[in-house]
Amino acid sequence: MYSFQRTRPTHRFSHIYRVMIGTALIAHKIKEPRLGLLAFIAAFIHDLARKNDGHDPQHGRRASETKLPKLTHLLSKYAITAEEYDIIAKASTYHSEQMRDRVSDKCFKTCKILSDADALDRCRFQNKQDILNVSYLRFQESRSCIRPIDFICKESVRQGKIYTEIPFDEFIKVAQF
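Residues numbered from 1 in each chain as written. Predicted model: local features only at pLDDT ≥ 70, side-chain atom pairs only at ≥ 80, totals over all residues. Heavy atoms only, no water.

Visitor: Can you lay out the overall build of the protein chain for me, pointing to particular residues and giving the numbers?
Guide: Looking only at helices and strands, the protein chain features 8 helices and 0 strands. Ordered by position from the N terminus, the helices and strands of the protein chain form the series α-α-α-α-α-α-α-α. The buried share of the protein chain, reckoned over its 177 residues, is 50%. Partitioning the contacts of the protein chain with sequence separation of at least 6, the portion at a separation of at least 24 is 63%. (Helix = DSSP H or I, 4+ residues; strand = E, 2+ residues; numbered from the N terminus. Buried < 20%, exposed > 50% of the residue type's maximum accessible area, 1.4 Å probe, protein only. Contact = heavy atoms within 4.5 Å.)

Visitor: I'd like to hear about the packing of helix H1 (residues 13–29) against helix H2 (residues 33–45), residue by residue, with values.
Guide: The geometry of H1 relative to H2 is characterised by a closest axis approach of 8 Å and an angle of 170° between their N-to-C directions. In terms of axis orientation, H1 runs roughly antiparallel to H2. Contacts between H1 and H2 involve Ile16, Val19, Met20, Thr23, Ala24 and Ala27 from the first element and Pro33, Gly36, Ala39, Phe40, Ala43 and Phe44 from the second. Across the contact of H1 with H2, the residue classes tally to 10 nonpolar, 2 polar and no charged. (Axes fitted to C-alpha atoms, helices over the stretch in contact; angles between N-to-C directions. Parallel < 35°, antiparallel > 145°, perpendicular 65-115°, else oblique. Nonpolar A, V, L, I, M, F, W, Y, C, P; charged D, E, K, R; others polar.)

Visitor: How would you explain unusual backbone geometry if you had to name every residue and give the values?
Guide: Located in the positive-phi region is Lys31, a residue other than glycine, with phi close to 60°. In this fold, Lys31 is placed in the loop between H1 and H2. Judged by its relative accessible area of 69%, Lys31 is exposed. The phi dihedral of Ala79 is positive, around 50°, even though this residue is not glycine.

Visitor: Tell me about the environment of Ala43, and name the residues and values.
Guide: Inspection of the secondary structure puts Ala43 in helix H2. For Ala43, a relative accessible area of 0% corresponds to the buried category. Sequence separation of Ala43 and Ile16 is 27 residues, and the distance between their C-alpha atoms is 6.5 Å. Beyond its immediate stretch of four places on either side in the chain, Ala43 contacts Ile16, Val19, Met20, Thr23 and Leu114.

Visitor: I'd like a description of the nonpolar core, backed by residues and values.
Guide: Residues Ile41, Leu68 and Ile88 are the most contacted members of the largest nonpolar core, which totals 44 residues. Those elements giving two or more residues to this core turn out to be H1, H2, helix H5 (82–94), helix H6 (105–120) and helix H7 (146–158). The greatest single-element share of this core, amounting to 9 residues, is contributed by H2. Those residues in contact with Leu68 that sit more than four places away from it in its chain are Ile41, Ile45, Ala63, Leu75, Tyr85, Ile88 and Ala89. (Core = buried A, V, L, I, M, F, W, Y, C linked by side-chain atoms within 4.5 Å.)

Visitor: Explain the packing of H1 against H6 to me, using residue names and the numbers behind them.
Guide: Helix-helix packing is described using two parameters, namely the angle between the two axes and the distance between the axes. Two elements in contact, H1 and H6, have axes whose closest approach is 8 Å; the angle formed by their N-to-C orientations is 130°. Taken together, the axis directions place H1 and H6 in an arrangement best described as oblique. Between H1 and H6 lies a crossing whose hand is right-handed. The residues of H6 that touch H1, namely those facing His15, Val19, Gly22, Thr23 and Ile26, are Ile113, Leu114, Asp116, Ala117, Asp118 and Leu120. Each residue belonging to the contact of H1 with H6 can be placed in one class, and the counts come to 6 nonpolar, 3 polar and 2 charged. (Left-handed = near helix turned anticlockwise from the far one by under 90°.)

Visitor: Help me get a handle on the environment of Phe13, residues and values and all.
Guide: Note that Phe13 resides in helix H1. On the basis of relative accessible area, Phe13 is assigned to the buried category, the value being 9%. Separated by 34 residues in sequence, Phe13 and Asp47 have C-alpha atoms that sit 9.1 Å apart.

Set out below in structure tokens:
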């Protein structure tokens, strides 16, 4: 599913899954369930088109262009409209690029849900320069999601699931408190 040979563990499925969980938590806290669904789908694809595990500012755009079209079964299941498809694509794109387009409020909020969820998963880094700077979180409510995501990260390490490519429904068991 990934577009590159992974040599470092920073963008594996456990990261993607934690970002998906983060989008759901944030959306619940800000009371935006539909935007949360859109951010959740964008979180699933957001890192799947990386060319490397380091600096790759176009990876979100590539994911929107190459991975999102493969999810038509999922998109139809949730009655994703053309506008919502565009929002998902932009959220994936703009989680790693500067926002250049004028976007609707719904799109902007969805992009920020994904950006915050991605940032929350900085718990996977051990070095001080990569830790989460909470002042960069776009929603105040995102701060209350730090502990759950950190717990899930630590549990995925403890249970040996951090580097394992497993189905989401199996990974979600790691998140059960």
